[in-house]
Amino acid sequence: MRVVVFGASGSIGRFLLPQLREAGDAFTAVSRQPRDDDAGAWIRGMLPDGVPALPEVDAVVCLGPLDHFVAWLERATLAGTPRIVAMSSMSAESKREAPLDAERALAARLRDAEARLAATCERRGLHWTVLRATLIYGDGRDRSLTPLAQRAMRWRVFPLPAGRGLRQPVHAQDLAAAVFAALHVENAPDRVLEAGGGERLSAHQMFARVRAGLPRWTLPLPVPRLALRLAARLSPRVRGAVARLDEDLVADNRELERRLGVKPRDFRP
C-alpha cells in the first residue's frame, strides 16, 4: 500500500510508521520538519495551504489538526480514490457544554470538521474512517499527564485532585494500531469510531497511577474540592478542567473492537 501521512512526527506517527514499514507499505510523510527515513520519503509541507503536489497513493492519513486537513482535502486534487483515515477527539462531545467559550468552540470546530470530511468523501466517492480519541499518552509528548508528572518530579510533590468522573486514557501505540487497521481491514467502516483505552478509572485513580509510575518518589498531596472550586473562581484558565473532574470522559470501544479488531491496553503509564 502507498500511504501519505500528515502529522507523522507526532505521538501516533511515531508508532504508525514502523507498522507501515514492517507491513511493506510505502509511505510519504508530510511534515513541517522533514527527516531522513530509509523506509519512506519525508517532504516539507503544512496544512492547509502549504502542501506540495502529492504522488498517487492508496490512502491518506491525517494525525494532525482535523480542521486544517479538511480545508486542504476540500480543495486538493487527488489522483485515484484513496482511503481517508483521520484522527479527531472525544472533545467533540465532552466539551460541547463546557463552561469556557474556547472549549465549546473547539468542540463545535471538531464536529464541523468531521461532518465536512464525511461530505467531501461522499461527494468524491472516497472511503473514510475518523477515530475520536480520548486522552492520549504513551511517548511523553502529551500536554496533560506528562507536564504534571514533570512538575511533580521537579518539586517532589504530586497533587491528587478529588474527582469522581471516569477517565479512559488511550496509548498512542493503540491508536496507531487502529489507524493501521482502518487502512488494511477489508470493509473498514465509513464512519466515526470512538477510541479510548482499555480501562475506565476515576480521575483521582488516574492521577494516582501516574504518580505510582514515576521513577522518583513524590509526596502525595490531596487537593480537596473546596480548594479546586476556589482555584476555578480565581483562575479562568483552570475552570474548564476543574468542572470536568466529576464528568465522565470516556469512549465506547465496542465498534472499534468489532469493526477493526483493535483492543486497547489498560492504563499503565
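No experiment lies behind these values; they were computed from the predicted model shown. (Residues numbered from 1 in each chain as written. Predicted model: local features only at pLDDT ≥ 70, side-chain atom pairs only at ≥ 80, totals over all residues. Heavy atoms only, no water.)

A.B. asks: Could you clarify how one ought to interpret unusual backbone geometry in this entry?
C.D. replies: Across the chain, the bulk of peptide bonds are trans and the bulk of non-glycine residues have phi less than zero. With an omega of 0°, the peptide bond between leucine 47 and proline 48 qualifies as cis. Relative to the helices and strands, proline 48 is located in the loop between strand E3 (40-44) and strand E4 (59-62). In this structure, arginine 156 is a non-glycine residue whose phi angle is positive, near 60°. Inspection of the secondary structure puts arginine 156 in the loop between helix H5 (145-155) and strand E8 (157-161). The phi torsion at asparagine 187 lies on the positive side, around 65°, for a residue other than glycine. Mapped onto the elements, asparagine 187 comes out in the loop between helix H6 (172-184) and strand E11 (191-195). We classify asparagine 187 as exposed; its relative accessible area is 64%. (Helix = DSSP H or I, 4+ residues; strand = E, 2+ residues; numbered from the N terminus. Buried < 20%, exposed > 50% of the residue type's maximum accessible area, 1.4 Å probe, protein only.)

A.B. asks: Would you explain the packing of H5 against helix H7 (residues 203-212) in this entry?
C.D. replies: For any two helices packed against each other, the geometry is given by the interaxial angle and the distance between the axes. Interaxial distance between H5 and H7 falls to 10 Å at its minimum, and their mutual angle equals 55°. For the element pair H5 / H7, the angle class is oblique. Relative to H7, H5 is oriented so that their crossing is right-handed. Taking contact as the criterion, the partners of Leu145, Leu148 and Ala149 in H5 are, on H7, Met206, Phe207 and Val210. Of the residues contributing to the contact of H5 with H7, the split by class is six nonpolar, no polar and no charged. (Axes fitted to C-alpha atoms, helices over the stretch in contact; angles between N-to-C directions. Parallel < 35°, antiparallel > 145°, perpendicular 65-115°, else oblique. Left-handed = near helix turned anticlockwise from the far one by under 90°. Contact = heavy atoms within 4.5 Å. Nonpolar A, V, L, I, M, F, W, Y, C, P; charged D, E, K, R; others polar.)

A.B. asks: For this particular structure, what's the right way to read the side chain of threonine 146?
C.D. replies: Relative to the helices and strands, threonine 146 resides in helix H5. There is a polar contact of 2.5 Å between the side chain of threonine 146 and the side chain of aspartate 142. Setting aside residues up to four positions removed in sequence, threonine 146 forms contacts with Gly140 and Arg141. (Polar contact = N/O pair within 3.5 Å; in protein donor to acceptor, adjacent residues only side chain to side chain.)

A.B. asks: Mind showing me how you'd approach the environment of arginine 2 here?
C.D. replies: As for its placement among the helices and strands, arginine 2 is situated in strand E1 (residues 2-6). Judged by its relative accessible area of 38%, arginine 2 falls in the partly exposed class. Expressed as a C-alpha distance, the spacing of arginine 2 and alanine 26, which sit 24 residues apart in the sequence, is 4.8 Å. Setting aside its immediate chain neighbours within four residues, arginine 2 contacts Ala26, Glu56, Val57, Asp58 and Ala59.

A.B. asks: So what exactly am I meant to see when it comes to the nonpolar core here?
C.D. replies: Soluble globular proteins: nonpolar side chains tend toward being buried together. Counting residues in each nonpolar core, the largest one holds 34 residues, and the members touching the most others are Val5, Leu16, Leu20, Val61 and Leu260. Here the element with the most residues in this core is H6; it accounts for nine residues. In contact with valine 5, other than residues within four places in its own chain, are Leu16, Leu17, Leu20, Thr28, Ala29, Val30, Val61 and Leu63. (Core = buried A, V, L, I, M, F, W, Y, C linked by side-chain atoms within 4.5 Å.)

A.B. asks: What is the right way to read the packing of aromatic side chains from this model?
C.D. replies: By convention here, two paired aromatic rings are described through the distance between centres and the angle between planes. Overall, the coordinates contain four aromatic pairs when judged by the stated rule. Their ring planes at 85° and their centres at 4.8 Å tell us that tyrosine 137 and phenylalanine 267 sit as a pair that is edge-to-face. In this pair, tyrosine 137 is assigned in strand E7 (residues 136-137) and phenylalanine 267 in the segment after helix H10 (254-260), connecting sequence segments 130 residues apart. Residue classification places phenylalanine 267 among the buried positions, given a relative accessible area of 0%. Grouping aromatic residues by their ring pairs yields a cluster made of Phe6, Phe69 and Trp72. (Phe/Tyr/Trp six-rings, centres within 6.5 Å; stacked < 30°, edge-to-face > 60°.)

A.B. asks: Whenever I open this one, the state of the cysteines confuses me. Can you help?
C.D. replies: Think of a disulfide as a covalent bridge from one cysteine sulfur atom to another cysteine sulfur atom. Scanning the model with the defined rule gives zero disulfides in all. With no disulfide of its own, cysteine 62 lies closest to cysteine 121 among cysteine sulfurs, the gap being 12 Å. Overall, cysteine 62 belongs to the buried group, its relative accessible area being 0%. (Disulfide = S-S within 2.5 Å.)

A.B. asks: Could you clarify how one ought to interpret the packing of helix H2 (residues 66-75) against helix H4 (residues 101-124) in this entry?
C.D. replies: Where H2 contacts H4, the two axes come as close as 9 Å, and the packing angle between them is 25°. Accordingly, the angle class assigned to the pair H2 and H4 is roughly parallel. In this structure, H2 crosses over H4, and the sense of that crossing is left-handed. The residues of H4 that touch H2, namely those facing Leu66, Asp67, Phe69, Val70, Ala71, Leu73, Glu74 and Arg75, are Arg109, Leu110, Ala113, Glu114, Arg116, Leu117, Thr120, Cys121 and Arg124. Each residue belonging to the contact of H2 with H4 can be placed in one class, and the counts come to nine nonpolar, one polar and seven charged.

A.B. asks: Which parts of the structure should I look at to understand the pairing of strand E2 (residues 26-31)?
C.D. replies: A regular strand places its side chains on the two faces of the sheet in alternate fashion. Taken across its six residues, E2 has five buried, putting it largely inside the fold. Alignment of E1 against E2, held across five bridges, turns out to be parallel. Paired with valine 3 across the two strands is phenylalanine 27, which belongs to E2. For the handedness criterion, the β-α-β arrangement of E1, helix H1 (residues 11-23) and E2 is classed as right-handed. (Pairing = 2+ DSSP bridges. Right-handed = clockwise from strand over helix to strand, strands pointing away.)

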